[in-house]
Amino acid sequence: MKKMKKLAALLLALAMVFALASCSGQQGGAPSGEPSAPAQNTPAADPSQGADPAAFTTVEDGKLHMSTEAGFPPYEMTADGGGYKGTGFEGIDVEVAGAIAEKLGLELVIDDMGFEAALLAVQNGESDIAMAGISITEDRLKVMDFSDSYATGVQVVIVPEESPIQTLDDLANAEMIGTQAGTTGYIYASDTPENGGYGEEHVTAYDTGALAIMDLVSGKIDAVIIDNEPAKAFVAQNPGLKILETAWVEEEYAIGFAKGNDALRDAVNAAVAELKADGTFQAIVDTYIKAD
């Protein structure tokens, strides 16, 4: 009888050991003593991906919200028909964001709004990332974080072909210069002449670059400062306009995040690095920017 009791106790002890083993250290579960990762906003793990999907959260479960201003060709534009995967939008930033979302196991959602609103949306936690040809400035760094740079932006000056403004130096004589509100083009141009700008009284901020071009064509303003790629598209659409030969300024584009959202930023940086390494990023750029 004693032997039977000892045997039963031994079997019970072994059963407890196996039960404990199955609850700790198994693939797909949290280590013993640590809480399991929350189900919300955590896509399934993919060992081929560089980012740990359990390390970050998004504003909506299973989705990556990108705030943008979709009037900035060829980076983000509204599309006739379905656009990129039925989003209604297309462009370099749109497809890169879509590829990032796939790497992270998420579905891309495009939130189209004004440029300043796109920056505020990510700051306020209403979107996960902001992409709209955004360059890093000291003031922006105070209120939001940025990814590694993923492209170089060149700002140029558009004028009528017969304009007396034929060089960057001539721009100082312009009565009114158009820029897009909230952009570095506006920030720099509206600064004082002592700081290299032209003064607020000589600069008008527009909600979109297209509106600035409309006023340039109608003669209401003398020049427009905008990024080179959209500038080329606007000039192609409006005969009689040209781009000055010398670039106005060069900057680096980056993806915007809410301040302190390091986990998502690191995951996005890893995804972009992979997209560049495997040639996906360059293939997207080549689709929209053809070699001269």
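Residues numbered from 1 in each chain as written. Predicted model: local features only at pLDDT ≥ 70, side-chain atom pairs only at ≥ 80, totals over all residues. Heavy atoms only, no water.

Visitor: Requested: an account of the overall build of the protein chain, with residues and values cited.
Guide: For the protein chain, the count of helices and strands is 9 helices and 14 strands. Counting over 292 residues, the protein chain shows a buried share of 42%. Restricting to contacts in the protein chain with at least 6 residues of sequence separation, those with at least 24 account for 70%. (Helix = DSSP H or I, 4+ residues; strand = E, 2+ residues; numbered from the N terminus. Buried < 20%, exposed > 50% of the residue type's maximum accessible area, 1.4 Å probe, protein only. Contact = heavy atoms within 4.5 Å.)

Visitor: Can you tell me about the side chain of Ser135, naming the residues and giving the values?
Guide: Here Ser135 is to be found in the loop between strand S6 (129–130) and helix H4 (138–143). Reaching out from Ser135, the side chain makes a polar contact with the side chain of Thr184 at a distance of 3.5 Å. Within the structure, the side chain of Ser135 is placed 3.4 Å from the side chain of Glu251, a separation counted as a polar contact. The contact partners of Ser135, leaving out residues within four places of it in the chain, are Arg140, Phe146, Thr184, Glu251 and Glu252. (Polar contact = N/O pair within 3.5 Å; in protein donor to acceptor, adjacent residues only side chain to side chain.)

Visitor: Give me unusual backbone geometry: which residues, what numbers.
Guide: It is generally the case that most residues other than glycine have a negative phi and that most peptide bonds are trans. Residue Pro74 is reached from Pro73 by a cis peptide bond, and omega for that bond is 5 degrees. Residue placement: Pro74 occurs in the loop between strand S2 (71–72) and strand S3 (76–78). A positive phi angle is found at Lys85, which is not glycine, with a value near 50 degrees. By secondary structure assignment, the location of Lys85 is in the loop between S3 and strand S4 (89–90).

Visitor: Mind laying out the confidence of the model for the protein chain, listing which residues take part and the relevant values?
Guide: Considering every residue of the protein chain, the mean pLDDT works out to 85; 81% of them sit at 70 or more. Within the model, pLDDT remains below 50 along residues 1–50, and this stretch shows 31 contacts once partners closer than five positions in the same chain are excluded. (pLDDT = per-residue confidence, 0-100.)

Visitor: Provide a residue-level description of the sheet that holds S2, including the pertinent values.
Guide: Spatially, the 3 strands line up as an open sheet ordered S2-S3-S4, and their pairing is antiparallel. Each having just a single partner strand, S2 and S4 make up the two edges of the open sheet. Direction of pairing for S2 relative to S3: antiparallel, over a ladder of 2 bridges. Across the sheet, residue Phe72 finds its bridge partner in S3, namely Glu76. (Pairing = 2+ DSSP bridges.)

Visitor: Quick rundown of the pattern of salt bridges? Include the residues and the values.
Guide: Per the stated rule, a full pass over the model turns up 8 salt bridges. We note a salt bridge from Lys85 to Glu102, for which the minimum N-O separation is 2.1 Å. Here Glu102 lies in helix H2 (residues 92–103) and Lys85 lies in the loop between S3 and S4, a separation of 17 residues in the sequence. With a relative accessible area of 44%, Glu102 lands in the partly exposed category. Between Lys103 and Glu274 there is a salt bridge, with its nearest N and O atoms 2.9 Å apart. Of this pair, Lys103 sits in helix H2 while Glu274 is found in helix H8 (residues 262–277), placing the two residues 171 residues apart along the sequence. The class of Glu274 is partly exposed, set by a relative accessible area of 21%. Counted as one network, the salt bridges with shared partners bring together Asp262, Arg265 and Asp266. (Salt bridge = Lys/Arg side-chain N within 4 Å of Asp/Glu carboxyl O.)

Visitor: Account for the environment of Lys276, naming residues and giving values.
Guide: Checked against the element boundaries, Lys276 lands in helix H8. Exposure remark for Lys276: the relative accessible area of 40% places this residue in the partly exposed category. Taking the C-alpha atoms as reference, Lys276 lies 9.1 Å from Tyr150; in sequence the two are 126 residues apart. Those residues in contact with Lys276 that lie beyond four places of it in its chain are Ser149, Tyr150 and Phe281.

Visitor: Summarise the packing of H2 against H8; cite the residues concerned and give the values.
Guide: Where H2 contacts H8, the axes come no closer than 9 Å and their chain directions differ by 110 degrees. With respect to each other, H2 and H8 are oriented roughly perpendicular. Handedness of the H2/H8 crossing: right-handed. Contacts between H2 and H8 involve Val96, Ala99, Ile100 and Lys103 from the former and Val268, Ala271, Val272, Glu274 and Leu275 from the latter. Here the residues of the contact of H2 with H8 are counted per class, giving 7 nonpolar, no polar and 2 charged. (Axes fitted to C-alpha atoms, helices over the stretch in contact; angles between N-to-C directions. Parallel < 35°, antiparallel > 145°, perpendicular 65-115°, else oblique. Left-handed = near helix turned anticlockwise from the far one by under 90°. Nonpolar A, V, L, I, M, F, W, Y, C, P; charged D, E, K, R; others polar.)

Visitor: Let's hear about the nonpolar core: which residues, and what values?
Guide: Inside soluble globular proteins, nonpolar side chains tend to come together where they are buried. With 35 residues, the main nonpolar core has Ile100, Leu104, Ile129, Met131, Tyr150, Ile255 and Val268 as its most contacted residues. Listing elements by their share of this core, those giving two or more residues are strand S1 (63–68), H2, strand S5 (107–112), H8 and helix H9 (280–288). Broken down by element, this core gets its largest block of residues, 7 residues, from H2. Setting aside chain neighbours within four positions, we find Ile255 in contact with Ile100, Ile129, Ala130, Met131, Asp145, Phe146, Ser147, Tyr150, Val268 and Val272. (Core = buried A, V, L, I, M, F, W, Y, C linked by side-chain atoms within 4.5 Å.)

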